[in-house]
Amino acid sequence: MVSDSTGISDLIDELVTYGTDSGLIIEDDRIFCINRLLELFEEPEYKPSHRAGDKRELHLILEDMIAYAKDKGILKNDTVNGRDLFDTKIMGLITPPPSEIRRDFMSRYKESAKAATDYYYDLSIATNYIRKDRIAKDIKWVAESSFGDIDITINLSKPEKDPKDIANALNAPKSGYPLCLLCRENEGYSGTYTHPARQNHRIIPIKLCGQSYYLQYSPYVYYNEHCIVFNEEHTPMKIDEDAFAKLLDFIQAFPHYTIGSNADLPIVGGSILTHDHFQGGSYEFPMVRADYMKTFTIEGYENIKAGIIKWPLSTIRLRSSDMAKLVKCCTMILEKWRNYTDEKSFIFAWTYEDGEKVPHNTITPIARMRGDLYEMDLVLRNNITTEEHPLGVYHPHSEYHHIKKENIGLIEVMGMAILPARLSDELGNIEKLIKDHIEEDADQAVSHICEGLEADEKLRIHAEWIKEILQRDIDGLRTQSRQDESAISRYIRQETGTVFAHVLENAGVYKQTQDGMEAFERFINVIASQTI
């Protein structure tokens with residue numbers, strides 16, 4: 001336990017040295033930062049021993065500082081949230097001010113857009129805004145599907161809520177500042193029991209079609225350089241002509257990034273519909289590799305390559321060198337889709353609830369550069385519900401809720417599953433059950449495995465799924481497991497990926513069957529000839 005002046009002085013010296021090594025602090029600011037940290041730890045003396053030692057990872061330094069603060073009574077709330085609030089406060093003391101970071105970003109942007117984002121991403125890691133030690137816990141793999149390889153992730157980087165934190169949040173004073181997690185007022189915010197600390201958070205102002213937006217990275221980085229571009233104003237999400245123009249304007253400014261928007265309706269939209277924003281990054285999503293299944297010409301837009309791609313969600317891909325024309329074409333398709341009804345295919349543009357007209361059709365747009373061409377994927381979405389599917393007809397169906405129940409947002413539309421943390425233990429326990437019984441007679445093995453699942457409250461939801469796949473595969477799996485001890489693990493992961501592929505098919509308004517493709521073509525005929 002670090003409990004004396006020398007101990008905390010050594011930690012401060014270690015952190016400030018980390019800051020200089022990572023570019024957060026220049027030597028001129030070293031003493032200034034030391035004194036700010038001494039003030040935080042209520043320490044009047046600075047007596048570092050200057051012991052030589054291996055450089056440690058940042059999270060280890062911060063953990064020791066938190067232990068010191070707890071021992072000295074400086075840390076008042078020793079919970080997950082309390083520790084996060086405190087270590088973010090520590091890092092805020094060595095994070096450069098916004099003006100300096102914005103100046104450095106623009107200086108590097110003159111070299112290239114990639115040089116600027118490389119700098120900003122590295123800085124977001126160095127400040128611990130992106131917590132690398134937590135991100136490293138996420139589980140990721142690739143699964144095969146009839147649509148090509150898809151990415152599967154189990155998110156473990158968000159810490160579990162501490163019961164004390166839940167109680168503190170319930171008793172905390174209500175505040176409307178910042179209005180949401182995306183508002184620019186988060187920059188430098190100290191945080192509360194209900195809102196994360198952001199003293200180490202810095203945002204970059206950019207213009208999209210002349211309007212003020214900000215660029216930041218997601219603290220959870222589901223994929224490489226997972227960025228968020230949000231409106232300066234707290235204004236609702238809206239897919240319209242301006243949105244298409246802004247997406248293309250962004251990739252013109254940052255051609256090495258993909259950018260997209262969640263849809264603007266509940267169920268098929270994102271988790272924050274109240275604040276206009278886009279998400280992007282430097283990552284090749286599985287959707288990018290999907291090829292055209294069918295191409296067609298749109299009257300008045302003959303210079304745009306248009307087609308349906310081989311993807312579980314019904315997607316029209318447009319490709320052109322003419323940005324303005326592409327924006328107009330996207331807008332025309334959106335307007336046609338918003339008003340399109342095909343009762344035979346159970347697609348309704350509107351229904352009425354309590355006398356109110358409720359819209360159902362919208363689009364998830366995704367923009368990228370394809371060589372010198374602008375490319376826009378328009379994913380057709382519909383959020384209608386029924387008694388059979390109260391969460392949405394084009395939403396994960398109930399037989400797949402054991403793996404994925406949540407909405408299919410932008411990231412998943414592009415082929416990356418973000419699965420709940422509970423699956424880490426659940427899939428591991430399923431694997432153990434299978435290993436325990438794999439050498440038994442096939443029928444007996446399946447029976448014993450399913451009995452084990454039914455006996456476990458958390459695993460019970462997987463019983464029908466495991467029974468179905470093992471009745472089909474257990475003999476082959478037994479042979480493989482004798483040759484390769486990781487075979488069962490790989491099998492469970494692949495079958496999890498298969499479930500996610502089915503979930504994506506659920507979200508597609510047109511299924512890739514003969515009837516589904518004929519229905520899709522009926523809509524294509526509407527936009528190709530621009531009829532109503």
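**Here's the deal with the overall build of the chain**
- In terms of regular secondary structure, the chain is built from 16 helices and 15 strands.
- Its C-alpha atoms give the chain a radius of gyration of 26 Å, within 12% of the compact-globule value 24 Å for 532 residues.
- Overall, the C-alpha framework of the chain stretches about 80 × 65 × 50 Å when taken along its three principal axes.
- Out of the 532 residues belonging to the chain, those deemed buried represent 54%.
- Accessible surface for the chain amounts to roughly 24,500 Å². Of this, 48% is attributable to carbon and sulfur atoms.

**Looking at the environment of Asp 21**
- Residue position: Asp 21 is located in helix 1 (residues 5–21).
- What makes Asp 21 partly exposed here is its relative accessible area of 47%.
- Measuring from C-alpha to C-alpha, the distance between Asp 21 and Ala 126 comes to 9.9 Å, with 105 residues separating the pair along the chain.

**Brief notes about the pairing of strand 2 (residues 150–154)**
- Buried residues dominate strand 2, accounting for five of its five residues.
- Judged by which residues are buried, strand 2 turns out to be covered on both faces: Ile 150, Ile 152 and Ile 154 on one side and Asp 151 and Thr 153 on the other are all buried.
- With five bridges joining them, strand 1 (residues 139–143) and strand 2 adopt antiparallel strand pairing. The partner of Trp 141 across the bridge, within strand 2, is Ile 152.

**Side note on the sheet that holds strand 6 (residues 258–260)**
- The strand order 3-4-5-7-6-13-14-10-9-8 describes an open sheet built from 10 strands, whose pairing is antiparallel. The outermost strands of the open sheet, each flanked by one partner alone, are strand 3 (204–208) and strand 8 (292–296). Between one strand and the next, the sheet's axes are offset by a mean angle of 25 degrees, whatever the strand orientation.
- In terms of strand pairing, strand 9 (residues 305–309) meets strand 10 (residues 315–320) through four bridges, oriented antiparallel. Across the sheet, the residue bridging to Gly 307 is Arg 317, located in strand 10.
- The strands touched by helix 6 (residues 113–126) within the sheet are strand 3 and strand 4 (211–217), with strand 4 carrying the most contacts at an inclination of about 55 degrees.
- Where helix 16 (residues 514–528) meets the sheet, its contacts fall on strand 8, strand 9, strand 10 and strand 14 (373–382), and the angle it forms with strand 10 comes to roughly 40 degrees.

The rules behind the values
- Residues numbered from 1 in each chain as written.
- Predicted model: local features only at pLDDT ≥ 70, side-chain atom pairs only at ≥ 80, totals over all residues.
- Heavy atoms only, no water.
- Helix = DSSP H or I, 4+ residues; strand = E, 2+ residues; numbered from the N terminus.
- Rg over C-alpha atoms; globule rule 2.2 N^0.38 Å.
- Buried < 20%, exposed > 50% of the residue type's maximum accessible area, 1.4 Å probe, protein only.
- Areas by Shrake-Rupley, 256 points an atom, 1.4 Å probe, with all protein chains shown as cover.
- Pairing = 2+ DSSP bridges.
- Axes fitted to C-alpha atoms, helices over the stretch in contact; angles between N-to-C directions.
- Contact = heavy atoms within 4.5 Å.

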